[in-house]
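Below are the chains, spelled out letter by letter.
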Amino acid sequence: MNSINTNLANDVLLYAQDNQIAKKELIELKNEEKQGLKINDLSTRASSGKKVVFQNGDELIALKLSDENFKSLQENFRSYTNYLPRVDGSIRLNGEAENFISNWFSSVKGMDSKSINSALNSENSSFELKFGASKGLNSLAKANEINENQIRENANIEKRLNFVIDKDVNKDGKIGANEEKPKTLGQLLTEVKESLNDAAPTIITGASGGKNNEEEESLLEKAQKEGLSSLTPEERAKLEAQNPQKFKELEGKSLEDLSQNLTQSLIEQVKNGETQLVDKFV
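Computed from a predicted structure; not experimentally measured. (Residues numbered from 1 in each chain as written. Predicted model: local features only at pLDDT ≥ 70, side-chain atom pairs only at ≥ 80, totals over all residues. Heavy atoms only, no water.)

Quick notes on the confidence of the model for the protein
Interpretation of the predicted coordinates at a detailed level should be avoided for regions scoring low in pLDDT. Summarising the model, the protein shows a mean pLDDT of 77, and 67% of its residues fall at 70 or more. Averaged pLDDT values over the elements of the protein bottom out at 36 in helix α5 (residues 125–131) and peak at 98 in strand β6 (residues 91–93). Taken as a whole, residues 1–9 scores under 50 in pLDDT and shows 20 contacts with residues more than four places along the chain or in a different chain. Counted against residues more than four places away or in other chains, residues 202–209, with its pLDDT under 50, gives eight contacts. (pLDDT = per-residue confidence, 0-100. Helix = DSSP H or I, 4+ residues; strand = E, 2+ residues; numbered from the N terminus. Contact = heavy atoms within 4.5 Å.)

Below you can see the structure in the form of structure tokens.
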């Protein structure tokens, strides 16, 4: 399968090769390490991340995946049999995880940075706007290897592999023009807070200002009377953004009340004979 998209349908910009590697028994991989088979170590000492070992053709390759890419690999290929820790601290890949990394490696080892940049940016102008820089690429960007959507021309094979793996959001062996990383809960909460902050100048003026002030007072009053647990997640986020100091105080009070309730509940259970306290040394 070609690694560069020339006239391919479905807005696929870049493909990984499709070379199937048979899944091995874990005992076979352990014997492989004991035998000391030669490994072509392409990892760079200056780069951070997790070193992985995988088969590519007739040789074993070792290089580092960024922490973000290795975590994503585990999340998408969950079986424990896909990952075997080695004595040197590296991870021997197996099964689906090995095929995914090896196939992308086969593609990028035959492409320079210019070819990768051309494939990902020339055919669909919306791709550059859609992708943006992800967390997985930020650590590489700090080393001036790449910008948001392009990889530096002299980037080594390790950097090129990490770049395309990060862009393959679905981990399906191809990069589409409309592929986009889902937003995390933290990002969603940040957007809510930012939208509330942007609206702040209009909240304090005119009739709408009075309405929003009343809403804020209503949420605060409800939380003070019934506790933070009585608010929905949206109301909690809104109250925290509008009145962070009071919100912090209420959080502390909620934890204190919870502790007291649990203690009182335990005392009542002991009194009623529902719970026995056992005092012994183990």
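The rest of the description comes next.
Quick notes on helix α7 (residues 157–167)
When you tally the buried positions in α7, you get 11 out of 11 residues, the bulk of the element. For α7, the set of buried residues is I157, E158, K159, R160, L161, N162, F163, V164, I165, D166 and K167. N-cap assignment for α7: the residue whose side-chain oxygen lies 3.1 Å from the backbone N of E158 is N156. (Buried < 20%, exposed > 50% of the residue type's maximum accessible area, 1.4 Å probe, protein only. Polar contact = N/O pair within 3.5 Å; in protein donor to acceptor, adjacent residues only side chain to side chain.)

Things to note about the packing of aromatic side chains
Inspection of the entire model under this criterion finds three aromatic pairs. With centroids separated by 6.1 Å and ring planes inclined at 80°, the aromatic side chains of F70 and Y83 adopt a geometry described as edge-to-face. With F70 in helix α2 (residues 67–76) and Y83 in strand β5 (residues 83–85), the pair connects residues that are 13 residues apart, well separated along the chain. Across the pair, Y83 and F70 agree in class, each one buried. (Phe/Tyr/Trp six-rings, centres within 6.5 Å; stacked < 30°, edge-to-face > 60°.)

Notes on the environment of I21
Mapped onto the elements, I21 comes out in the loop between β1 (12–15) and α1 (26–34). In this view, I21 contacts Q55, E98, N99 and S102; residues no more than four positions away in its chain are not counted.

Some words on the nonpolar core
One finds L65, L73, L93, I101, W104 and L161 to be the most contacted residues of the largest nonpolar core, which totals 33 residues. Mapped by element, the contributors of at least two residues to this core are β1, β3 (50–56), β4 (59–65), α2, β6, α3 (95–108), α4 (113–121) and α7. At six residues, α3 tops the list of elements feeding residues into this core. Setting aside residues no more than four positions away along its own chain, L93 makes contact with V52, V53, F54, L73, N82, Y83, E98 and I101. By size, the runner-up hydrophobic cluster in this structure holds eight residues, among which are L219, L228, L239 and L250. (Core = buried A, V, L, I, M, F, W, Y, C linked by side-chain atoms within 4.5 Å.)

So, the packing of α3 against α7
At a minimum axis separation of 10 Å, α3 and α7 run at an interaxial angle of 120°. Classified by the interaxial angle, the pair formed by α3 and α7 is oblique. Helix-helix and strand crossings are classified by hand; for α3 and α7 the assignment is right-handed. Residue-level contacts link F100, I101, W104, F105 and V108 of α3 to I157, R160, L161, V164 and I165 of α7. (Axes fitted to C-alpha atoms, helices over the stretch in contact; angles between N-to-C directions. Parallel < 35°, antiparallel > 145°, perpendicular 65-115°, else oblique. Left-handed = near helix turned anticlockwise from the far one by under 90°.)

Quick word on the side chain of K171
Among the secondary structure elements, K171 is positioned in the loop between α7 and β7 (174–176). Buried and without a salt bridge, K171 has D168 as its closest oppositely charged side chain, separated by 5.7 Å. A distance of 3.1 Å separates a polar atom in the side chain of K171 from the backbone oxygen of I165. Of the polar contacts made by the side chain of K171, one reaches the backbone oxygen of D168; its length is 2.9 Å. (Lys, Arg positive; Asp, Glu negative; His and termini not counted. Salt bridge = Lys/Arg side-chain N within 4 Å of Asp/Glu carboxyl O.)

Description of the pairing of β4
By the criterion of burial, β4 is predominantly enclosed, with six of the seven residues buried. Of the pairings in the sheet, the one linking strand β2 (residues 39–41) to β4 comprises three bridges and is parallel in character. By the bridge assignment for β4, N40 is matched with I61. Across seven bridges, β3 lies against β4 in antiparallel orientation. Across the sheet, K51 pairs through a bridge with K64, a residue of β4. (Pairing = 2+ DSSP bridges.)

A look at the environment of D112
Here D112 shows up in the loop between α3 and α4. For the pair D112 and I157, spaced 45 residues apart in sequence, the C-alpha to C-alpha distance is 8.7 Å. A polar contact of 2.8 Å, which involves the side chain of D112, links it to the side chain of S115.

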